[in-house]
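These are the residues of each chain, in order.
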Amino acid sequence: MNWEIYADPLFRLPFAAGLLIAGVLPVLGALLMLREEWLAALGLAHLAAAGALLGLAVGAPAMLGASLGALGGGAVKSLGGARGNTAYGFMILIGWSTLLLAAANTSAGDAVGQAVMDGQLYFAGWTELAAAVLLTGLAVTALPRLMPQLLRARFFPRHDTANRLPGWRWHLGFDLLAAFGVAVGTATLGLLGAFALVLVPAWAAFRIAPGWAWTLWLAGFIGVAAYLAAFVLALGLDQPFGPTLAAVCLALGGLIGALSRPAQGRGGA
Amino acid sequence: MNGNPAAAPLLRLEQVVAGYAAPVVGPISCSIQAGDVLGLWGTNGSGKSTLLNAIADAARIFSGRIERAPGLTLFYQEQRPVRLPAMPLTGRDLLRCAAVPAHRQPPGSLSHHLDRRIDRLSGGQYQLLCVWAALAGSAELVLLDEPTNNLDPEHERLLALLLAQPPAHRDDRRAVLLVSHERAFLESVCSRVLELIQ
């Protein structure tokens, strides 16, 4: 393994951008999992990837196209009531077919499409870092306000209607935040690398966390640990980053799953 | 009616006919005052839950009117509490979701479950925790739909104990509208019982 490569300034920006994303996406993933909407993240990631490629086709930055693609999906999901596995399945198919058709019919589209699928973190620059900082700032600012409303709406779903409260506002707010997070993750870490960060750390944290605050911290910690390990392995062994990140997430998740007691045992008073 | 806001009803129903695609229940008239624990009894299909839904703006009102006291806050605990495959929240987390003050301890054995994950509680324990979440917060009108479902006699006694607890603050006005098909339970815990005839 070539250790000197880790000191190369070329990788500082990608490392910092990915690190921020690896801390935020698992927290969003925990909320998506609690809302039983984790599959929506895969739909949004496909829309983001397709948006990135369509953006490039018309001369817009990939990050802008990815954000618009995912935010459009998030808005339709929230305002149009497009929820549930069927809607997310359609989002995946729309994103996937658009992504591959755009890749096949635009100049350099094939290479960019492959990069989005592979997750070429090392090409991330100031745009990706700025987007990751913005995402982190939005999450840190918005989640403490949204979280109580989202949890209450999840466990006491009649509350907002009964009290004539505008519940749609916090659902839309979270949907857009999740869509932006997935878009930034997809444009920086690749489609399935971002999805792995949404799904696996939250899944593992749900199995072992003793409470909600622990769930959020554990998910973030597992995400960051998986990211650091993947960064070292992918760079040192010259592997594509996205699949390496997904593999490390799966290994960590599998280990936690094997060592933990499943969260079943209802009635075990 | 006098000018004392404390004496004004929290909720007044006037000849309410409610349902969804078609009327299910009514016409019904009644009022609920602070301090009431009003029981609503009826056979299956008599429209008890529909009436609660109408009060909570979740069903259609075909005729009549429902008047709420200005700024009335509600807590609606549905017949089946939301139960997910994995819920990594403690009982305390759940109460925090319902804005229950941290210092309010549930009576009886329920307090032993506050630091356990709610997906590791039995159905009855979880149901009672949800009822406590409804009663211990600041809601002025608490709607409970069939809270005795799936409860064994011991948990039913604990439910009666929960219903007897005072509001969060001494000056708070609170009323409970409790739907059940168990007439004996309603008679034992309610200040009044209304019967819905299909």
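In this text the structure is predicted, and so the values were computed from the model without any measurement.

Participant: Account for the overall build of chain A, naming residues and giving values.
Facilitator: Looking only at helices and strands, chain A features 11 helices and 0 strands. Secondary structure of chain A in N-to-C order comes out as α-α-α-α-α-α-α-α-α-α-α. Here chain A has a C-alpha radius of gyration of 18 Å; the compact-globule value for 269 residues is 18 Å, and the two agree. Its C-alpha atoms put chain A at 55 × 40 × 30 Å along the principal axes. Looking at chain A residue by residue over its 269 residues, the buried ones come to 49%.

Participant: How would you sum up the packing of helix α1 (residues 12-34) of chain A against helix α2 (residues 38-57) of chain A? Please name residues and give values.
Facilitator: Residue and element names in this part refer to chain A. Packing of α1 against α2 leaves a shortest axis separation of 7 Å and a crossing angle of 125 degrees. The orientation of α1 relative to α2 falls into the category oblique. On α2, the residues that touch Gly 29, Leu 32 and Met 33 of α1 are Trp 38, Ala 40 and Ala 41. Split into classes, the residues belonging to the contact of α1 with α2 amount to 5 nonpolar, 1 polar and no charged.

Participant: Which residues make up the sheet that holds strand β4 (residues 60-68) of chain B, and what are the values?
Facilitator: All names here are of chain B. As summarised here, the arrangement of the 3 strands in space is β2-β1-β4, forming an open sheet in which the pairing is antiparallel. Of all the strands in the sheet, the pair left with one neighbour each is β2 (23-32) and β4. Strand-to-strand twist of the sheet, defined as the mean angle between neighbouring strand axes without regard to direction, takes the value 10 degrees. Taken together, the 7 bridges between strand β1 (residues 11-19) and β4 define a ladder with antiparallel strand orientation. Bridge pairing links Leu 11 to Arg 68 in β4. Its contacts with the sheet put helix α1 (residues 48-55) on β1, β2 and β4, and the angle it makes with β1 is roughly 120 degrees.

Participant: Break down the sheet that holds strand β6 (residues 141-145) of chain B for me, citing the residues and quoting the values.
Facilitator: All names here are of chain B. Taken in spatial order, the 5 strands of this open sheet run β5-β6-β7-β3-β8, and their pairing is parallel. Unpaired on one side and paired on the other, β5 (74-77) and β8 (192-196) mark the two borders of the sheet. Looking at each pair of strands side by side, their axes are set apart by 15 degrees on average, direction ignored. Two elements, β5 and β6, share 4 bridges in a ladder whose sense is parallel. Bridge pairing in β6 links Leu 74 to Leu 141.

Participant: Please provide a residue-by-residue account of helix α4 (residues 153-163) of chain B, values included.
Facilitator: Residue and element names in this part refer to chain B. Among the residues of α4, His 155, Leu 158, Leu 159 and Leu 162 are the ones counted as buried. Buried residues along α4 cover an arc of 105 degrees about the axis, so they all sit on one side. Residues of α4 that are exposed and point over 90 degrees away from its buried face: Pro 153 and Arg 157.

Participant: Report on the packing of α1(A) against helix α9 (residues 191-208) of chain A, specifying residues and quantitative values.
Facilitator: All names here are of chain A. Two elements in contact, α1 and α9, have axes whose closest approach is 7 Å; the angle formed by their N-to-C orientations is 60 degrees. When you trace α1 past α9, the crossing you get is right-handed. Taking contact as the criterion, the partners of Ala 22, Leu 25, Pro 26, Leu 28, Gly 29, Ala 30, Leu 32 and Met 33 in α1 are, on α9, Ala 194, Leu 197, Val 198, Leu 199, Pro 201, Ala 202, Trp 203, Ala 205 and Phe 206. Tallied by class, residues from the contact of α1 with α9 come to 16 nonpolar, 1 polar and no charged.

Participant: Could you give me a rundown of the interface of chain B and chain A, with the residues and numbers involved?
Facilitator: Often, the extent of an interface is quoted as the loss of accessible area on bringing the components together. Each partner contributes residues to the interface: chain B has 24 residues there, and chain A has 27 residues. Where the side of chain B that touches chain A is concerned, the elements lending two or more residues are β5 and α2 (91-97) of chain B. Taken together, the residues of the side of chain B that touches chain A break down into 14 nonpolar, 4 polar and 6 charged.

Participant: Give me the lowdown on the confidence of the model for chain A, citing residues and values where you can.
Facilitator: Confidence in the prediction for chain A averages 85 pLDDT; 91% of positions are at 70 or higher. A low-confidence stretch, residues 263-269 of chain A (pLDDT under 50), is modelled with 15 contacts involving residues beyond four sequence positions or located in other chains.

Participant: Before we move on, can you summarise the nonpolar core with the specific residues and values?
Facilitator: All names here are of chain A. Ranked by size, the top nonpolar core spans 149 residues in total, and within it Leu 44, Ala 48, Val 182 and Val 198 carry the most contacts. It is α9 that provides the largest number of residues to this core, a total of 14 residues. Beyond its immediate chain neighbours, meaning those up to four positions away, Ala 48 contacts Ala 66, Gly 69, Ala 70, Val 182, Ala 183, Thr 186 and Ala 187.

Participant: Give me the lowdown on unusual backbone geometry, citing residues and values where you can.
Facilitator: Within the chain, A:Asp238 stands out as a residue other than glycine whose phi angle is a positive 55 degrees. Looking at the element boundaries, A:Asp238 is found in the loop between α10 (212-237) and α11 (241-259).

Participant: Account for the environment of B:Ala8, with residues named and values stated.
Facilitator: Looking at where B:Ala8 falls in the secondary structure, it is placed in the segment before β1. Along the primary structure B:Ala8 and B:Ala69 are separated by 61 residues, whereas in three dimensions their C-alpha atoms are 7.7 Å apart.

The rules behind these values
Residues numbered from 1 in each chain as written. Chains lettered and ligands numbered in written order. Predicted model: local features only at pLDDT ≥ 70, side-chain atom pairs only at ≥ 80, totals over all residues. Helix = DSSP H or I, 4+ residues; strand = E, 2+ residues; numbered from the N terminus. Rg over C-alpha atoms; globule rule 2.2 N^0.38 Å. Buried ≥ 20, exposed ≤ 12 C-beta atoms within 10 Å, placed from the backbone. Axes fitted to C-alpha atoms, helices over the stretch in contact; angles between N-to-C directions. Parallel < 35°, antiparallel > 145°, perpendicular 65-115°, else oblique. Contact = placed C-beta atoms within 7 Å. Nonpolar A, V, L, I, M, F, W, Y, C, P; charged D, E, K, R; others polar. Pairing = 2+ DSSP bridges. Arc of directions from axis to C-beta. Left-handed = near helix turned anticlockwise from the far one by under 90°. pLDDT = per-residue confidence, 0-100. Core = buried A, V, L, I, M, F, W, Y, C linked by C-beta atoms within 7 Å.

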